[in-house]
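The primary structure of each chain is shown beneath.
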Amino acid sequence: MAYQIVEGCVNCWACAPLCPSQAIYEAKPHFLIDAVLCTECAGEHPDPQCASICPIEGVILDSLGVPLNPPGSLTGIPPERLAAARAEIQAR
Amino acid sequence: MELKVSDHSGSAAAVAGGCSASGCGSSGDALAHLPEHIRAKVHNHPCYSEEAHHHYARMHVAVAPACNIQCHYCNRKYDCANESRPGVVSEVLTPDQAVKKVIAVAAHIPQMTVLGIAGPGDPLANPERTLETFRQLTEKAPDIKLCVSTNGLALPDCVDALCTHNIDHVTITINCVDPDVGAKIYPWIFWQGRRIKGRKGVAILIEQQQKGLEMLVARGVLVKVNSVLIPGVNDEHLKEVSRVVKSKGAFLHNVMPLIAEPEHGTFFGVMGQRGPTHDELQTLQDACAGDMNMMRHCRQCRADAVGMLGEDRGHEFTLEKIETMDIDYGRAMEERRQVHAAIEANREAQRKKSGETFIAMTALKTRRRETPPALIAVATKGGGVINQHFGHAAEFLIYEANDQDVRFIGHRKVDLYCSGGETCGDAETALAKTIKALSGCAAVLCSKIGYEPWGALEAAGIAPNGEHAMEPIEDAVAAVYRELAASGSLERATPTPLRMSA
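Computed from a predicted model, the values in this text were never measured in an experiment.

Enquirer: Report on the pattern of salt bridges, specifying residues and quantitative values.
Expert: Residue and element names in this part refer to chain B. For the structure on display, the rule yields 16 salt bridges over all chains. A salt bridge links R336 to D143, with the shortest nitrogen-to-oxygen separation between them at 2.7 Å. Pair noted here: R336 is in helix α13 (residues 329-355) and D143 is in the loop between α5 (127-140) and β4 (145-150), with a separation of 193 residues, a long-range link. Measuring nitrogen to oxygen at the nearest pair gives 2.9 Å for the salt bridge that ties E214 to K248. Of this pair, E214 sits in helix α8 (residues 198-218) while K248 sits in the loop between α9 (237-247) and β9 (252-257); the two residues are 34 residues apart in sequence, bridging distant segments of the chain. Three or more residues joined by partner-sharing salt bridges are found here, namely E132, R135 and E139.

Enquirer: Residue-level account of the interface of chain A and chain B, with values.
Expert: Tallying the contact residues gives 28 residues for chain A and 23 residues for chain B. Summed over the shared surface of chain A and chain B, the number is one salt bridge. A salt bridge links R194 of chain B to D47 of chain A, with the shortest nitrogen-to-oxygen separation between them at 2.9 Å. Taken together, the connections running from chain A to chain B amount to 10 residue pairs in polar contact (both at pLDDT 80 or more).

Enquirer: Pulling in residues and values, what's your account of the state of the cysteines?
Expert: Residue and element names in this part refer to chain B. Taken as a whole and assessed by the stated rule, the structure comprises zero disulfides over all chains. Looking at the unpaired C74, the closest cysteine sulfur is the one in C71, lying at 6.2 Å. For C74, a relative accessible area of 23% gives the class partly exposed. Free cysteine C441: the closest other cysteine sulfur is in C446, separated by 13 Å.

Enquirer: Report on the environment of F317 of chain B, specifying residues and quantitative values.
Expert: Residues and elements named next belong to chain B. Along the chain, the position of F317 falls in the loop between β11 (306-308) and α12 (319-323). Look at F317 and you get buried, because its relative accessible area is 2%. As for F317 and D157, which are separated by 160 residues in sequence, their C-alpha atoms are 33 Å apart. With near-sequence residues (within four places) excluded, F317 lies in contact with K101, A104, V105, H108, I109, V306, I322 and M325.

Enquirer: Give a description of helix α4 (residues 95-108) of chain B that names residues and reports values.
Expert: An α-helix turns once every 3.6 residues. As a result, residues three or four positions apart point the same way. Residue and element names in this part refer to chain B. With 14 residues, α4 extends 20 Å between its outermost C-alpha atoms, agreeing within 8% with the 20 Å of an ideal straight helix rising 1.5 Å per residue. Burial within α4 is extensive, with 10 of its 14 residues counted as buried. Within the sequence span of α4, burial applies to P95, A98, V99, K101, V102, I103, A104, V105, A106 and A107.

Enquirer: Any chance you could break down the domain arrangement of chain B for me, citing the residues and the numbers?
Expert: Many structure descriptions define interface size as the accessible area lost when the parts assemble. Residue and element names in this part refer to chain B. The assigned domain composition of chain B is domain 1 (7-323) and domain 2 (368-492). In this assembly, 20 residues from domain 1 lie in contact with 19 residues from domain 2. Taking both sides of the interface into account, the surface hidden between domain 1 and domain 2 amounts to around 1,500 Å²; carbon and sulfur atoms contribute 46%. By the criterion of area lost to domain 2, the three top residues of domain 1 are H54, R296 and R299, representing 36% of everything that side buries. The interface formed by domain 1 and domain 2 holds one salt bridge in total. Split into classes, the residues belonging to the side of domain 1 that touches domain 2 amount to five nonpolar, 11 polar and four charged.

Enquirer: Quick one: what's the story with the packing of α9 of chain B against helix α11 (residues 278-289) of chain B, residue by residue and with numbers?
Expert: All names here are of chain B. Between α9 and α11, the shortest axis-to-axis distance is 9 Å and the interhelical angle comes to 35°. The way α9 lies across α11 gives a crossing that is right-handed. Contacts between α9 and α11 involve L238, K239 and S242 from the former and L284, A287 and C288 from the latter. Per-class residue counts for the contact of α9 with α11 are four nonpolar, one polar and one charged.

Cut-offs applied
- Residues numbered from 1 in each chain as written.
- Chains lettered and ligands numbered in written order.
- Predicted model: local features only at pLDDT ≥ 70, side-chain atom pairs only at ≥ 80, totals over all residues.
- Heavy atoms only, no water.
- Salt bridge = Lys/Arg side-chain N within 4 Å of Asp/Glu carboxyl O.
- Helix = DSSP H or I, 4+ residues; strand = E, 2+ residues; numbered from the N terminus.
- Contact = heavy atoms within 4.5 Å.
- Polar contact = N/O pair within 3.5 Å; in protein donor to acceptor, adjacent residues only side chain to side chain.
- Disulfide = S-S within 2.5 Å.
- Buried < 20%, exposed > 50% of the residue type's maximum accessible area, 1.4 Å probe, protein only.
- Expected span 1.5 Å × (residues − 1).
- Domains from an automatic or database assignment.
- Buried area = accessible area lost by both parts, 1.4 Å probe.
- Nonpolar A, V, L, I, M, F, W, Y, C, P; charged D, E, K, R; others polar.
- Axes fitted to C-alpha atoms, helices over the stretch in contact; angles between N-to-C directions.
- Left-handed = near helix turned anticlockwise from the far one by under 90°.

Pasting the structure below:
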């Protein structure tokens, strides 16, 4: 049972000091979670700390590979709206 | 027509020794009522004193990447070398690297008086990194002022630590004092181990901001409040914010325009929230000014900006470059002292000159205006004088003149019209953009101007003027205003609204 950080992490450092298991470490190209140390905060906090402060959607996954913060959940931007804006910028 | 007053008139400005000619954001009349110890603190701070920003430089070090809240005008993914706005940086530094950079900049840019930590996240959400940087600088560079900018959520917990590091300037970004307004600006905060969304989170943020403001004021720390003006969201509400923060002891309020474009990837940018027009910003600043000292010269710098306000020399001080610099800070400090003394002598001379020309507008409120006020744009590289070629200006300072007074009201950024060489192919479009940015101005003053832009400006109803090169800005603006008024050309000036954030 462990979370993982994937591509898209912006290396903002917010999660690392919060981890009760010191499972998060600096790496290139982005921070990583030591799967052996990670407890998903069980018994420590009601909410997993890394996923509660992470500002980027979709970059922390649970053990099944499901994002803890899915698209639109943090910014409030509906995913289809973001896709439309990106398409419009590309077409310029 | 202007009224002559002499230095012994006993006017507030003369007593303050500030720039009496201008209601310029900070140093002259606007801050004249403040106690002497506060005026002394902001006297050479480019971000707090409008007059000082012509002479002194600032820098930010990006040691604080983490944030504890989300704002709808911020995208934490952004990192672009070509953009200049808050939250954007090229490289995050460790405290040791930051200290090295500050010392390198202070030695190479002796006008640099102020080091701020402003992000790219929230400095107080990274307390160890921020405080370690301040601790080292207090020891190694005692002639540099330290300041910090925060969203306020963690502020009450950090006040004592900030005070031990001799930080006497703190900026808190306060966009609302009502959680219902805030719910449209902040989607979530991180608080006591949980992400708290919506109104509930905003209520905590507001409470912490106000508590932090009160604690700092109680300890004698100068507090400036920044607010982002978001049309239709908090525009009317900011008048209330201004009243509240002033009543609690904030000494300066800086209302900044929202920067929002779809390509920034922010909530406001993607959802099509517009920024305010120049007119809307100025109207709101004027409405708040009755209650509060307003700051109008903010350039909304990057979290790693280096140099005079409006310029960024960060590329001269990358980690790679500062690694090769060998600096004797003792010697640098002596040079800095000499440069500052020269700047002060120059400021004093300008003050004496302009102090005799105009009386503060506040003293003359009852007088009827004989000609309408006019906006006049100025190209300057610093030093408080008109000394920049029209085509080299990346921004213009905007002054409002009437028959009694000249006051600074803001700046407008433009694309460089002429950078020479290969980029000259775009000159026409860039010139058109510059003229658009200057809309509403009756004249533009610069040291020199080319034949082509001269004609284009005249055609747009903006009088180009290169006759006041090297003259103090306010004197020149006043002189040009008088010429325009005498020629009758001000009667037909009609300012048109223009978007700020483009």
